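A structural walkthrough
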Amino acid sequence: MSQYSSAVRGIRAPLEFVLGGSERAERVRELQQTLLAALSAATELWIPQEAKRRFSDAAQKIAENGVAPSVLEPIAKRLGPLLDPDYARRALSQETVKIPGVGPKIAQALARKEIHRIEDLLFFLPRSYEDRREISKIEELQVGHSACFEGTVTRSGVVPLRNGRSFLQAVVSDGTAAVQLKWFRGIAHFQDRLKPGARVLVAGDVRRYRYAKELHHPELEFLNRDAPLGSLPRIVPTYSHVEGVPPRTMRRIVESTTKYAADLVDAWLPETSARRHGLADLGESLREVHLPSPHLDPELLRERRTPYHLRLVAEELLLLQVGLELRRAQFSRRASRPLAVAHPGVQKAIDALPFKLTSDQERVWREISSDLSRAQPMNRMLIGDVGTGKTVLAILGAVAAHASGGVTAVLAPTEILAEQHFETFRKLAQPLGLNIGLLTGSTPAPQRRSLRRLLALGEIAIVIGTHALLTESFDLPKLAFVVIDEQHRFGVAQRRALGDKGENPHVLLMSATPIPRSLALTVFGDLDHSVLRERPPGRSPVETRVIPPEAARQALDALREALARDEQAYIVYPLVEESEKQDLKDASRGYERLVRALPGVRVGLLHGRLDGRERLQTMQEFAAGRVRVLVSTTVIEVGVDVHNATLLIVQHAERFGLAQLHQLRGRVGRGQLPGRAMLISEPRTEDASRRLAILEASESGFEIAEEDLRIRGAGEWLGTRQAGHLPELRLADLVRHGELLPVARAAARDLLSKDPELRGNPILRTSVEQRWGGRLDFGAVA
Ligand code: ADP
Ligand code: MG
């Protein structure tokens, strides 16, 4: 702990004392807010005029309140955790305060990378580390590799070029051999120092020039004349490139910032909880991460797994979890109408189902119904692999809403799904006396009008629809329950638009994308979530095989056999945005070949260029069994439920994600007939084949999702299907640091249970708001 931070920590009480203690608490808070605003501007890397003005305004205000300017300094230190003791004084005296090496130009360049404050710089962690403890001999340098070596300058000089320019050249020797160093820019900087006899530590990429090896713009450290060679072993951080800031400058800026401010950062994670989990001190962590001690393991450093990295990650995760918890608290303060889940109609609905609920469904229904019976809105995510039977739980909720005089809205991402839900709800809920309406983009105007009329009259219990539900201008004053299927296909605003049609309706979000636990905790930390794992009985797993293109014939044979048994099949081609045309051509060609190969069999073609009506029509023909084989370029119809379809053939399976393929194969084997998936894949790399092999071995979406996450990393995994859901984490990698999530979560809950609104910790509160702000809006509807 540095002298500053301990000084800073003792400062709070005197502040309130000076201002008159609790009687003037309101005033104090106001002042703190003003100062905080001024200071958050003032901790920007390069202080513009405006910030200086705000800072002195705040000082003025403090003075008017009978507080001597000298008191400002400690307040400043407390509120702006990154200020050094001289900072406030200098800021007050209107000098420009800045980090050495950062002027307006560099500050602008950094700002483009979202580095605005000293704190941002401190938490801009190295992308990797170079191990410079290994000092090579010059004779062993290898072209194409980076290396670090020491030596003495034997010759140096500026060499003019014919075009009027020139370059600086130096020869360095270590006794085993000599090598040339060249600078084409910044010559003046080195010219004087690179005199013969100078001893240097050199690091950089070795390249070939004619018959010699040389380095261009290597990194240099000048060694003390008396220092023995090998006295400067170091592990050197490398940062991701910031446009407009040369790598060495970047390193220097971070280095000086770290030396100057690492110990001034106030930790969010309470020391007790940090110690309990063996996490290092925050200041020490910042120092070791940016200026690693030579004894650290470079491999651990690169993997961001040192205790120092873990501490920083824990800080970030704590900030996230506090945000999530605050959101959750805010949400639960809203009032909703409790639904009559114990109404006899609900039991009647369960009894009337053509099947018995699985024990998993029963458990989840208990979780959902307990939420629905409360006077706060439910905000629950139901995650269940394809075919686990989520829809029926939505129906039961709708029945409870109806029994309480409320209306249910079901939002589906595509017309086909909406239509399908409409049929299912009609089959299962209509007999119970619930009227059901459907509204999609292709609902004709007269039907829309009549639907609106019926809704206004309270004649409709359940309205099912697509985006049209959101854009149509009608109110659903009795809206009590909202179901959003395949929720990740909707944006926050869209989900909210539906919630806004009623007053704090209960919300059930459904997703077929199994989410690994670590992600669930992050993405849905503030949502309650239920998981359906069990499949309804009588389903055999989808037999999955990966086959190379040469063996594609087997797929055609399997197709013929399925058709001979009177079953149906899907053939799916990948859809990659950039080459949409090519994909469509592939699928169209495949379709034509198939039509020729299977005379007398009706084959359908589904792709993104068709309009909604055509797509719906083809799908309906397929569902009715008239179209026997469906060739599709898209994977949009994730929830499609055609029991007679038993075979899935995927072309170019290597171009799909694992979770996506798993979703796809969920389209077959949905009824009593066993399903089969044949994944035709170019096994270009060992990795790709190993990836796909998991699908042959496992039928658990959760297991596959974990594996997918492990192989591809959280960013990409989320990028494809959960885009926009994960708040951007700068330090934490959910694969590597998953075990810190529960730690952060427990600490966040602990903090908030003592101080639910963080009144005693305005800095943390402001940081949460600054860091996450609107981005913590994911998941929730209202
Ligand atoms: P998903 O979770 O993929 O949305 P669905 O709700 O579409 O799954 O259900 C898949 C199929 O399983 C439907 O045909 C449904 O009728 C059937 N199903 C649901 N629950 C059961 C059950 N407990 N027993 C038998 N079949 C069921
Ligand atoms: Mg579904």
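Residues numbered from 1 in each chain as written. Chains lettered and ligands numbered in written order. Predicted model: local features only at pLDDT ≥ 70, side-chain atom pairs only at ≥ 80, totals over all residues. Heavy atoms only, no water.

It is worth spelling out the packing of aromatic side chains at this point. Per the counting criterion, the structure on display carries 4 aromatic pairs. With a centroid separation of 5.9 Å and 15° between ring planes, the pair formed by Phe124 and Tyr239 is classed as stacked. Here the residue Phe124 occupies a position in the loop between α8 (118-122) and β1 (128-131), and Tyr239 occupies one in the loop between β9 (235-238) and α10 (247-261), the gap between them amounting to 115 residues. Of the two residues, Phe124 and Tyr239, neither departs from the other in class, the shared state being buried. For the ring pair Trp183 and Phe190, a centre distance of 4.9 Å and an interplane angle of 35° mean the geometry is tilted. (Phe/Tyr/Trp six-rings, centres within 6.5 Å; stacked < 30°, edge-to-face > 60°. Helix = DSSP H or I, 4+ residues; strand = E, 2+ residues; numbered from the N terminus. Buried < 20%, exposed > 50% of the residue type's maximum accessible area, 1.4 Å probe, protein only.)

Our next topic: the packing of helix α16 (residues 359-372) against helix α17 (residues 391-403). Helix-helix packing is described using two parameters, namely the angle between the two axes and the distance between the axes. Running from amino to carboxyl end, α16 crosses α17 at an angle of 35°, the nearest separation of the two axes being 10 Å. Pair α16 / α17 crosses with right-handed handedness. Across the interface between the two elements, Gln361, Val364, Trp365, Ile368 and Leu372 from α16 touch Val392, Leu393, Leu396 and Gly397 from α17. Partitioning the contact of α16 with α17 into residue classes produces 7 nonpolar, 2 polar and no charged. (Axes fitted to C-alpha atoms, helices over the stretch in contact; angles between N-to-C directions. Left-handed = near helix turned anticlockwise from the far one by under 90°. Contact = heavy atoms within 4.5 Å. Nonpolar A, V, L, I, M, F, W, Y, C, P; charged D, E, K, R; others polar.)

So, about the environment of Asn224. Note on placement: Asn224 falls in the loop between β8 (219-223) and β9. Put simply, Asn224 and Arg199 are 25 residues apart on the chain and 7.1 Å apart in space, counted from C-alpha to C-alpha.

With that out of the way, let us pick up the environment of Val642. Note on placement: Val642 falls in the loop between β20 (629-632) and β21 (645-650). Judged by relative accessible area, Val642 falls into the buried class, the value being 5%. Distance in space between the C-alpha atoms of Val642 and Phe622 is 8.1 Å, their sequence separation being 20 residues. The residues touching Val642, leaving out its near neighbours within four places in the chain, are Gln568, Tyr570, Phe622, Ala623, Arg667 and Arg670.

Bringing unusual backbone geometry into the picture now. A positive phi angle, near 50°, is found at Arg210, a position not held by glycine. Mapped onto the elements, Arg210 comes out in the loop between β6 (207-209) and β7 (212-216). Despite not being glycine, Asn504 shows a phi value in the positive range, around 45°. Within the fold, Asn504 resides in the loop between α21 (492-499) and β15 (506-511).

Our focus in this paragraph is the sheet that holds strand β14 (residues 479-484). Two orientations exist for strands paired in a sheet by backbone hydrogen bonds: parallel and antiparallel. Strand order in this open sheet of 7 strands is β12-β13-β11-β14-β15-β10-β16, and the pairing throughout is parallel. Strands at the two margins of the open sheet, each flanked by one partner only, are β12 (436-439) and β16 (528-532). Neighbour-to-neighbour, the strand axes of the sheet open up by a mean angle of 20°, direction not taken into account. Where strand β10 (residues 379-384) meets β15, 5 bridges bridge the pair, whose relative direction is parallel. Among the inter-strand pairings, Ile383 is bridged to a residue of β15, identified as Ser511. Its contacts with the sheet put α17 on β10, β11 (407-411), β13 (462-465), β14, β15 and β16, and the angle it makes with β14 is roughly 175°. Contacts from helix α19 (residues 445-457) reach β12 and β13, with the element oriented near 140° to β12. (Pairing = 2+ DSSP bridges.)

On average, residues of the protein score 78 in pLDDT, and 76% of them are at 70 or above. Note that pLDDT drops below 50 for residues 717-725; the model gives that stretch 34 contacts with residues more than four away or on any other chain. (pLDDT = per-residue confidence, 0-100.)

Evaluated as defined, the whole model comprises 24 salt bridges. One salt bridge connects Arg311 with Glu315, and the closest N-O pair in it is separated by 2.8 Å. Of the two residues, Arg311 and Glu315 both sit in helix α14 (residues 307-332), 4 residues apart, roughly one turn of that helix. Taking relative accessible area as the criterion, Arg311 reaches 0% and is therefore assigned buried. Assessed through its relative accessible area of 3%, Glu315 is described here as buried. When salt bridges that share partners are traced, they join Asp360, Arg363, Glu367, Asp371, Arg374 and Arg380 into one network. (Salt bridge = Lys/Arg side-chain N within 4 Å of Asp/Glu carboxyl O.)

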